[in-house]
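# A look at the structure
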Amino acid sequence: MKKTPSKLIRKYTTADQLKVLELFRFNTPAFFDPSEEKDFKDYLKNQLEDYFVVEGNRKIIGAGGINYFAEKNTARIAWDMIHPDFHKKGIGKELTIHRLSAIRNRPDIHTVIVRTSQLAFKFYEKLGFEQEDMIPDFWAKGFHLYQMKLNLRNTGRNQST
């Protein structure tokens, strides 16, 4: 659990589900297509490994997860979202760095993948991710897939991003 003066990053609990779904809806349709809500609910119910929420003044203002693929020495950052009132305030970067730090603590993980859209891929580029692929209209019409990769062996395990 990481605490900053006005924010707290902590593990998601099932008690957070309604607030996290509300957060998803605040970012729809700007960052997510409405059709993706079903996939997100399925993720929270069936695919959750490490998922974190960011609290500000006791309200959930951000969330994002990690899934591990140990057989491929890979982790994937998943379902990142920040409340629109808090965009461009460094919260997404702080949450991503928090997750990258958790991933770096696992010596079996060498690569981090993020699958994002054209709306956020520049954010990940600034954090050292490199684009591997782009598929138009992957998530939904107008929401393109940008698959990006960060090689932890090239960036150093203990390095802060």
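None of these values were measured; they are calculated from a predicted model. (Residues numbered from 1 in each chain as written. Predicted model: local features only at pLDDT ≥ 70, side-chain atom pairs only at ≥ 80, totals over all residues. Heavy atoms only, no water.)

### A closer look at the confidence of the model for the protein
Our working rule: For every residue, the predictor reports its confidence as pLDDT, a number between 0 and 100. Starting at the N terminus, helices and strands are each numbered in turn, a helix being any DSSP run of H or I of at least four residues and a strand any DSSP run of E of at least two. In what follows, residue pairs with any heavy atoms lying within 4.5 Å of each other are defined as contacts.
Of all residues in the protein, 91% attain a pLDDT of 70 or more, and the chain-wide mean is 91. Ranking the elements of the protein by mean pLDDT puts strand β1 (residues 2–3) last with 54 and helix α1 (residues 17–26) first with 98. Within the model, the stretch residues 157–161 combines pLDDT values under 50 with 13 contacts to residues more than four positions away or in other chains.

### Points about the nonpolar core
It is characteristic of soluble globular proteins that their nonpolar side chains tend to be buried jointly. Filter applied, for reference: Buried Ala, Val, Leu, Ile, Met, Phe, Trp, Tyr and Cys residues that are joined via side-chain atoms within 4.5 Å together make up what is termed a nonpolar core. Burial here depends on accessible area, computed with a 1.4 Å probe over protein chains only, as a share of the maximum for the residue type. Under 20% is buried, over 50% is exposed, and the range in between is partly exposed.
Within the largest apolar cluster, 25 residues are counted, with the highest numbers of intra-cluster contacts made by Ile77, Leu100, Ile103, Val112, Tyr124 and Phe129. Looking at this core, the elements with two or more residues in it are β3 (50–56), β4 (59–69), β5 (74–82), α3 (91–104), β6 (111–116), α4 (121–126) and β8 (143–151). In terms of residue count, the dominant contributor to this core is α3 (4 residues). In contact with isoleucine 77, other than residues within four places in its own chain, are Gly65, Thr96, Arg99, Leu100, Ile103, Val112, Ile113, Val114, Arg115, Tyr124 and Phe129.

### A word on the environment of phenylalanine 26
Tracing the backbone through its elements, the reader meets phenylalanine 26 in helix α1. Overall, the relative accessible area of 42% leaves phenylalanine 26 in the partly exposed class. Distance from phenylalanine 26 to isoleucine 82, taken between C-alpha atoms, is 8.9 Å for residues 56 residues apart in sequence. Not counting residues within four places of it along the chain, the set of residues in contact with phenylalanine 26 comprises His83 and Pro84.

### Some points on the pattern of salt bridges
Note the following rule: Salt bridge, as applied in this entry: a Lys or Arg side-chain nitrogen positioned within 4 Å of an Asp or Glu carboxyl oxygen.
Enumeration over the complete set of coordinates arrives at 11 salt bridges. With a shortest N-O distance of 3.6 Å, glutamate 132 and lysine 149 are connected by a salt bridge. Of the two residues, glutamate 132 is situated in strand β7 (residues 130–140) and lysine 149 in strand β8; the sequence distance between them amounts to 17 residues. Take glutamate 132: its relative accessible area is 42%, and that puts it in the partly exposed class.

### Quick word on the environment of glutamate 125
Considering the arrangement of structural elements, one finds glutamate 125 in helix α4. Take glutamate 125: its relative accessible area is 34%, and that puts it in the partly exposed class. C-alpha separation for the pair glutamate 125 and threonine 111, spaced 14 residues apart in sequence, amounts to 15 Å.

### A few points about the side chain of threonine 111
Within the element layout of this structure, threonine 111 appears in strand β6. The exposure class assigned to threonine 111 is buried, which follows from its relative accessible area of 16%. Ignoring sequence-local partners within four residues, the contact set of threonine 111 consists of Asn73, Thr74, Ala75, Lys149 and Leu150.

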